[in-house]
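The residues making up each chain are set out below.
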Amino acid sequence: MKQLKFVILFLLVILSLIAGFLSDYTFVLSALISLLVFNVVQLFIKSENRVLKLKFLGISFLSFVVFYHIGLLVKTNLSPVCYEGVPKNFKDSKFNLRPIDLNDLEQSIAAFSDFKTDTLTQVKFDSSVFYIKKLTSNNKPEDKKKILIVAGTHGSETANVYAIPVILEHIKSQKLLADFHFEIIYALNPVGLSLFHRYNECNCNINRDFLSFKTVQAQILRDLLTEKKFDCVLDLHEGPYAGQYIINNTSYKNLDKAIVSDLNQKKIQVAPMLKNRLKDFIFQYEMDNPIAKLKKISTFDIYLKSKGIENILSESDGLFKDFEKRIQGHVVVFDKLIEASMSR
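### Concerning the sheet that holds strand S5 (residues 232-239)
Hydrogen bonds between backbone atoms are what pair the strands of a sheet, whose relative direction is either parallel or antiparallel.
Alright, step 1. The strand order S1-S2-S4-S3-S5-S7-S6 describes an open sheet built from seven strands, whose pairing is mixed. Since the sheet does not close on itself, it has two edges, and those belong to strand S1 (115-125) and strand S6 (245-249), each with one partner. Across the sheet, the mean angle from the axis of one strand to that of its neighbour is 15°, orientation sign disregarded.
Alright, step 2. Contacting S6 and strand S7 (311-317), helix H8 (residues 255-265) crosses the sheet at an angle of about 160° to S6.

### Examining the state of the cysteines
Alright, step 1. Under the counting rule described, the total for this entry stands at one disulfide.
Alright, step 2. Two residues, cysteine 82 and cysteine 204, share a disulfide whose sulfurs are 2.0 Å apart. An S-S torsion of about 110° defines the bridge between cysteine 82 and cysteine 204 as right-handed. Of this pair, cysteine 82 sits in the loop between helix H3 (50-78) and helix H4 (102-110) while cysteine 204 sits in the loop between helix H6 (190-195) and helix H7 (216-227), and the two are 122 residues apart along the sequence.
Alright, step 3. Exposure remark for cysteine 82: the relative accessible area of 24% places this residue in the partly exposed category.
Alright, step 4. Residue classification places cysteine 204 among the buried residues on the basis of a relative accessible area of 5%.
Alright, step 5. Looking at the unpaired cysteine 202, the closest cysteine sulfur is the one in cysteine 204, lying at 5.5 Å.
Alright, step 6. What makes cysteine 202 partly exposed here is its relative accessible area of 47%.

### Considerations on helix H12 (residues 323-343)
Alright, step 1. Its 21 residues give H12 an end-to-end C-alpha distance of 31 Å, which sits within 8% of 30 Å, the value for a rise of 1.5 Å per residue.
Alright, step 2. With respect to burial, H12 is a largely interior element, 15 of its 21 residues being buried.

### Let's talk about the pattern of salt bridges
Should their charged atoms come close, side chains of opposite charge can pair.
Alright, step 1. With the rule as written, the count across this model stands at 10 salt bridges.
Alright, step 2. We note a salt bridge from lysine 134 to glutamate 183, for which the minimum N-O separation is 3.0 Å. With a gap of 49 residues between them, lysine 134 in strand S2 (residues 128-137) and glutamate 183 in strand S4 (residues 180-185) connect regions that are remote in the sequence. The same class applies to lysine 134 as to glutamate 183, namely buried.
Alright, step 3. Taking the shortest distance from any N to any O, the salt bridge between aspartate 288 and lysine 293 comes out at 2.6 Å.

### What about H8?
Alright, step 1. Every buried residue belonging to H8 is among Leu255, Ile259, Asp262 and Leu263, and all of these are buried. Buried positions in H8, seen along its axis, are confined to an arc of 105° and lie on one side of it. Turned more than 90 degrees away from the buried face of H8 sit Lys257 and Gln265, all of them exposed.

### Regarding the nonpolar core
In a soluble, globular protein the nonpolar side chains are often hidden away together inside.
Alright, step 1. Phe115, Ile149, Ile164, Leu168, Ile171, Phe182 and Phe334 are the most contacted members of the largest nonpolar core, which has 44 residues in total.
Alright, step 2. Among the elements of the structure, H4, strand S3 (145-150), helix H5 (159-173), S4, S5, H8 and H12 are those that each provide at least two residues to this core.
Alright, step 3. Sort the elements by how many residues they give to this core and H12 lands first, with nine residues.
Alright, step 4. When neighbours within four sequence positions are excluded, phenylalanine 182 is seen to be in contact with Phe115, Leu135, Thr136, Ser137, Ile147, Ile149, Ile171, Leu176, Leu177, Phe334 and Ile338.

### Some words on unusual backbone geometry
Alright, step 1. Of note in the backbone geometry, alanine 242 takes a positive phi value of approximately 60° without being a glycine.
Alright, step 2. When you line up the elements, alanine 242 lands in the loop between S5 and S6.
Alright, step 3. Assessed through its relative accessible area of 41%, alanine 242 is described here as partly exposed.
Alright, step 4. Non-glycine residue lysine 267 carries a positive phi angle of around 60°.
Alright, step 5. Turning to its location among the elements, lysine 267 is positioned in the loop between H8 and helix H9 (277-287).

### A short note on the layout of surface pockets
Alright, step 1. There is about 400 Å³ of room inside the second largest pocket.
Alright, step 2. What lines the second largest pocket is a set of 16 residues, among which Asp256, Lys257, Leu274, Arg277 and Asp280 lie closest to the centre.
Alright, step 3. Going through the elements one at a time, S6, H8 and H9 are the ones with two or more residues in the lining of the second largest pocket.
Alright, step 4. A per-element tally of the lining of the second largest pocket places S6 first, with four residues.
Alright, step 5. Across the lining of the second largest pocket, the residue classes break down as six nonpolar, four polar and six charged.

### Some words on the packing of H4 against H5
Alright, step 1. Running from N to C, H4 and H5 point in directions that differ by 10°, and their axes come no closer than 10 Å. With respect to H5, the element H4 is oriented roughly parallel. Along its contact with H4, which presents Leu105, Ser108 and Ile109, the element H5 presents Val161, Ile164, Pro165 and Leu168.
Alright, step 2. Residues that form the contact of H4 with H5 fall into these classes: six nonpolar, one polar and no charged.

Rules behind the numbers
- Residues numbered from 1 in each chain as written.
- Predicted model: local features only at pLDDT ≥ 70, side-chain atom pairs only at ≥ 80, totals over all residues.
- Heavy atoms only, no water.
- Pairing = 2+ DSSP bridges.
- Helix = DSSP H or I, 4+ residues; strand = E, 2+ residues; numbered from the N terminus.
- Axes fitted to C-alpha atoms, helices over the stretch in contact; angles between N-to-C directions.
- Contact = heavy atoms within 4.5 Å.
- Disulfide = S-S within 2.5 Å.
- Buried < 20%, exposed > 50% of the residue type's maximum accessible area, 1.4 Å probe, protein only.
- Expected span 1.5 Å × (residues − 1).
- Salt bridge = Lys/Arg side-chain N within 4 Å of Asp/Glu carboxyl O.
- Arc of directions from axis to C-beta.
- Core = buried A, V, L, I, M, F, W, Y, C linked by side-chain atoms within 4.5 Å.
- 1 Å grid on protein atoms, 1.4 Å probe; cavity = no way out; pocket = protein on both sides within 12 Å on 5 of 7 lines; lining within 4 Å.
- Points joined across faces, edges and corners; volume = space filled by probe spheres on them.
- Nonpolar A, V, L, I, M, F, W, Y, C, P; charged D, E, K, R; others polar.
- Parallel < 35°, antiparallel > 145°, perpendicular 65-115°, else oblique.

Limitation: the analysis is restricted to geometry and does not speak to function.
Written out as structure tokens, the structure is:
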């Protein structure tokens, strides 16, 4: 009997380690606490009654669920939407950054005469004024597929902003305005971009604010989506995912495979999570769960999904040193989204 218990303990330890490998510390903690509860209970059960043991197995699973969500609650408390104080310059960001000069960026964008620029609003920080602007293609949106592209949400993620001129070049060279109408917010968080800072001028994480709408940036996107109907939204970011990562909330079922295939052809690293459904599910659940809703935390892609708006999230690997590959990853996602849209 003791040997059997040691075997069970060993197997559960292995399972816990696998669970830990597939997720972050909250999942590991939950698995280990569940393991502890289950085995402590087993020590006091001398009966060979299988029904009784199954009941305690159920207790172990319930403890896992409870402690996992307690871990999520602790995590959300440690990462609120807004922090005290004002944002600081974070040139020592863990991401490999390429500094952005917003004036130079706007000059490069101005070369594309098929688009007009509108100022959506202005924000003030440290006695300076920053403008949030939107590009709109000059063609009439009627009878066109309407695409909204958003970049520069987090100031410490710069490759997605540099991808915008490349995407504009593709729109021009492929003559996409014959079939598509584009609106592009290319620097949603100008203060953060100028400071290499993840958060905005109020020290708030814009991409967690799509339930409370405390930030002017989240309000802009909410109002734009209320005012206009888009066929799809492309949301560009960067993250530490060891490769290009996507969340496909569109009805294009084969879009994921097409993107991964093109990434592989162009020798752009694909995030391991895309090959591991369990880890991908857990990652997405950590952003979209009852605890997050209770704490009024929601990302842009989750908000879009709740409104029935098709969208795709593109995340290049911010830790990758080859900046051009990171830019190219976003362009691949854009190109494949357009191909899928045209095939329908």
